[in-house]
Amino acid sequence: MLCTRHIQISREGVIDRHLWKSCRVIQPGSKTLRKIAVVGRGTAGSLAAASIARLHPDSDYELHHIYDSRIPVIGVGEGSWPSLVQQLQQLTSLPHDTVQQHLRGTRKYGVAFEGWGRRNRNFTHYFTPRKVSYAYHLSADLMADLLHENTRARHIDAKVRDITRIEGGAQVEFEGLAPEHYDLVFDARGFPRKLHPDQHIDISFIPTNTAVIRRCPAIIKEEQDGPVLQHTYTRAVARPHGWIFVIPLTVHTSYGYIFNRDVSSLAEVESDFDVFLDTDGVSEFEQRAVIPFPNFVHRQIYDGAVARIGNAAAFMEPLEATAIVSAQIQIGMVLHMRLNRSIEYLERDVPMVNQFLVNNILCYGLFVGWHYSCGSKYDSGFWRHARDRVWPRYREATDPEVVGCAALRKFDEMFELMSQSSIDKADWTRMCAVPLTSYVQVSEGLGC
Ligand SMILES: Cc1cc2nc3c(=O)[nH]c(=O)nc-3n(C[C@H](O)[C@H](O)[C@H](O)COP(=O)(O)OP(=O)(O)OC[C@H]3O[C@@H](n4cnc5c(N)ncnc54)[C@H](O)[C@@H]3O)c2cc1C
């Protein structure tokens, strides 16, 4: 929980409702947010635009939602964390059940790991409280549509050439249009084209860099007069070249093979994917995409005028579905600081907010990378590479001197707590991006 004088943001980026109500009467920052831009119409940009429309207390500010319709969204974020259930209800003012049906969604109660770790047994990482708290498996396209229906903004279909911080705000330069000045810009343009060591922290302790996506017929059937209540889990199945996710929606089931293209060839992966689908009883599929991805955290997620969000801010493989929840935190944190804090505190707030956001992503990265530390039931080239060569780099990559935050210390603290014979009640709610309960479940499951 991060606290300032006026706000509290929970671990998943959702502001405390009662506090929020009391904050609405004293939102000194809103006076300096008269013109805001969101660049990008993927999951991150759509969430940002809807959040601004919902949270800005005034009606006479301008919101420009800018995107280039020739540049497609990535569209594969289909697993989430429980905070999204609450947030979508707040952003749309629709009941949870209606939201779930709009998303052609199912209720995700956790991640079911198959073949991971040194115990050769399957285990589940549940959201807490176990079997009560749920997130959505959702169609990313339908979520963006739902958010747009609930967002009043001026839409600008144009290519953005550059976004730069200037005196008193940020300037957006367009292809074929005059530049515009904004008080705040959310940059949600997706992956950076290239990583630069002075701008990006390379989280090279994550051993994967490519995904093959296939779409298969739905295994969960839509209910006629209500949402699907059945408990579902994202399956994360260890395979010789990496792992496969299985995400059940009511429109289709998504399968993705996550691997390292420098260790395994695409042909090897496709062939093992075929074997897996065959044993899973799936006879038809649509080949969707092969997606190479970077593993990085931007050093300057927020500079006071430009907030990078979603895949423009950071990325790591989707093992624990950390991208949408990270975007929620980035948007929530920046908006609440800008709305609730007087502009005179801006320069002082910026380094603190940026450090909080970088730290949060690095904690997620450490949690995700650690899943590979005990290998899997496969003694293959990929798993030896992941366990023996890639994961051991985590301390060097997150050295506080290099990254400027304490993610590594927080991560170590989780292990210190788990090694105690009994954990003090005051420590039960401690977290390093995810709660201690998540570390305990994964530790027991992996056998390390
Ligand atoms: C294989 C895989 C599986 C994943 N699974 C999950 C998951 O289960 N859960 C999860 O939380 N996340 C998952 N993710 C992460 C997922 O990508 C993000 O959650 C989400 O899609 C965020 O994307 P985005 O909005 O940042 O960017 P994008 O979807 O890439 O959108 C970028 C937007 O910016 C616009 N744009 C780009 N350049 C310009 C420009 N120059 N000018 C104007 N507009 C521009 C584009 O038109 C587009 O609208 C997964 C990712 C991968 C690769």
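Residue numbers restart at each chain and count upward from 1, following the sequence in its written direction. With the structure being a predicted model, the display of local features is reserved for residues of pLDDT at least 70 and the display and counting of side-chain atom pairs for 80 or more, all residues being used for whole-chain, interface and lining totals. Calculated side-chain values reflect all of the structure's heavy atoms, with hydrogen atoms and water omitted.

**Some thoughts on the packing of helix α3 (residues 83–92) against helix α5 (residues 140–149)**
- Here an axis means a line fitted to C-alpha atoms, over the contact stretch when the element is a helix, while the angle between two N-to-C directions is reported on a 0 to 180 degree scale. In this text, helices come from DSSP runs of H or I with a minimum length of four residues, and strands from runs of E with a minimum of two, each type numbered from the N-terminal end. Taken N-terminus to C-terminus, the directions of α3 and α5 make an angle of 35°; their axes are 9 Å apart at the nearest point. Our pair here, α3 against α5, has a crossing hand that is left-handed. Of the residues in α5, those touching α3 at Leu84, Leu88, Leu91 and Thr92 are Met143, Leu146 and Leu147.
- All residues other than Ala, Val, Leu, Ile, Met, Phe, Trp, Tyr, Cys, Pro, Asp, Glu, Lys and Arg, Gly among them, are scored as polar; the first ten of these are nonpolar and the last four charged. Per-class residue counts for the contact of α3 with α5 are six nonpolar, one polar and no charged. For any helix crossing, the convention is left-handed if the near helix is rotated counterclockwise from the far helix by under a right angle, and right-handed if that rotation is clockwise. Throughout, a residue-residue contact means that at least one pair of heavy atoms, one from each residue, lies within 4.5 Å.

**Quick word on the sheet that holds strand β19 (residues 296–298)**
- Pairing between two strands requires that DSSP report at least two bridges joining them. Here three strands make up an open sheet; going across it, the order is β13-β19-β21 and the pairing antiparallel. Lying at the two open borders of the sheet, with one neighbouring strand each, are β13 (200–202) and β21 (314–315).
- By the bridge criterion, two bridges tie β19 to β21 in an arrangement that is antiparallel. The residue of β21 that forms the bridge with Val297 is Ala314.
- In this fold helix α8 (residues 346–370) packs onto β13, β19 and β21, with an angle of close to 175° to the strand it touches most, β19.

**Quick look at the pattern of salt bridges**
- Any carboxyl oxygen of Asp or Glu that lies within 4 Å of a side-chain nitrogen of Lys or Arg is treated as forming a salt bridge with it. The full count for this structure, using the stated rule, is 22 salt bridges.
- Put simply, Asp68 and Arg70 hold a salt bridge, and the shortest N to O gap is 2.9 Å.
- For Asp187, the salt bridge is made with Arg189, and the minimal N-O distance between the two is 2.9 Å.
- A 1.4 Å probe rolled over the protein chains alone gives each residue an accessible area, and that area as a share of the maximum for its type sets the label: buried under 20%, exposed over 50%, partly exposed in between. Given the relative accessible area of 6%, Asp187 is considered buried.
- Judged by its relative accessible area of 40%, Arg189 falls in the partly exposed class.
- A single salt-bridge network, built from bridges that share partners, covers Arg409, Glu413, Asp427 and Arg430.

**Here's the deal with the confidence of the model for the protein**
- Across the protein, pLDDT averages 94, with 94% of residues at or above 70.
- Confidence of the predictor at the level of single residues is given by pLDDT, which spans 0 to 100. Within the model, pLDDT remains below 50 along residues 1–9, and this stretch shows 29 contacts once partners closer than five positions in the same chain are excluded.
- In this model, residues 11–23 is a region of pLDDT below 50 whose contacts with residues beyond four sequence positions or in other chains number 33 contacts.

**Looking at the site of the ligand**
- We call a residue near a molecule or strand when any one of its heavy atoms sits within 4 Å of it. Close to the ligand lie 29 residues; Arg41, Ile71, Gly79, Val160 and Ile324 are nearest.
- Polar contact criterion, stated in full: a pair of N or O atoms within 3.5 Å, where within protein one must be able to donate a hydrogen and the other to accept it, and residues adjacent in sequence count only if both atoms are side-chain atoms. In the model, a nitrogen atom of the ligand is placed 3.4 Å from a nitrogen or oxygen of the Val76 main chain.
- Interatomic distance of 2.8 Å between a backbone N/O atom of Val160 and a nitrogen atom of the ligand.
- Contact with the protein chains removes 95% of the 1,000 Å² of surface that the ligand exposes when unbound.
- Elements supplying a minimum of two residues to the shell around the ligand: α2 (43–55), β14 (210–216) and α7 (323–340). Calculation of accessible area relied on Shrake-Rupley with a 1.4 Å probe; when residues are assessed, cover is drawn exclusively from the protein chains displayed.

**What about the nonpolar core?**
- Formed by 107 residues in total, the largest nonpolar core has its most connected members in Trp116, Phe186, Val297, Tyr302 and Leu362.
- In contact with Phe186, other than residues within four places in its own chain, are Ile36, Ala37, Val38, Val39, Ala48, Ile52, Ala307, Ile309, Ile331, Val334 and Leu335.
- Grouped together as the second largest cluster of nonpolar side chains are 14 residues, Ala37, Val39, Ile156 and Val306 included. Residues belong to a common nonpolar core when they are buried Ala, Val, Leu, Ile, Met, Phe, Trp, Tyr or Cys residues joined through side-chain atoms within 4.5 Å.

**Quick look at the pairing of strand β15 (residues 231–239)**
- As defined by bridge partners, strand β5 (residues 106–114) adjoins β15 across six bridges and the pair is classed as parallel. Note that in β15 the partner of Ala112 across the bridge is Arg235.
- With five bridges connecting them, β15 and strand β16 (residues 242–248) associate as antiparallel partners. Bridged to Ala238 within β16 is Trp243.
- Joining the antiparallel neighbours β15 and β16 is a turn of two residues.

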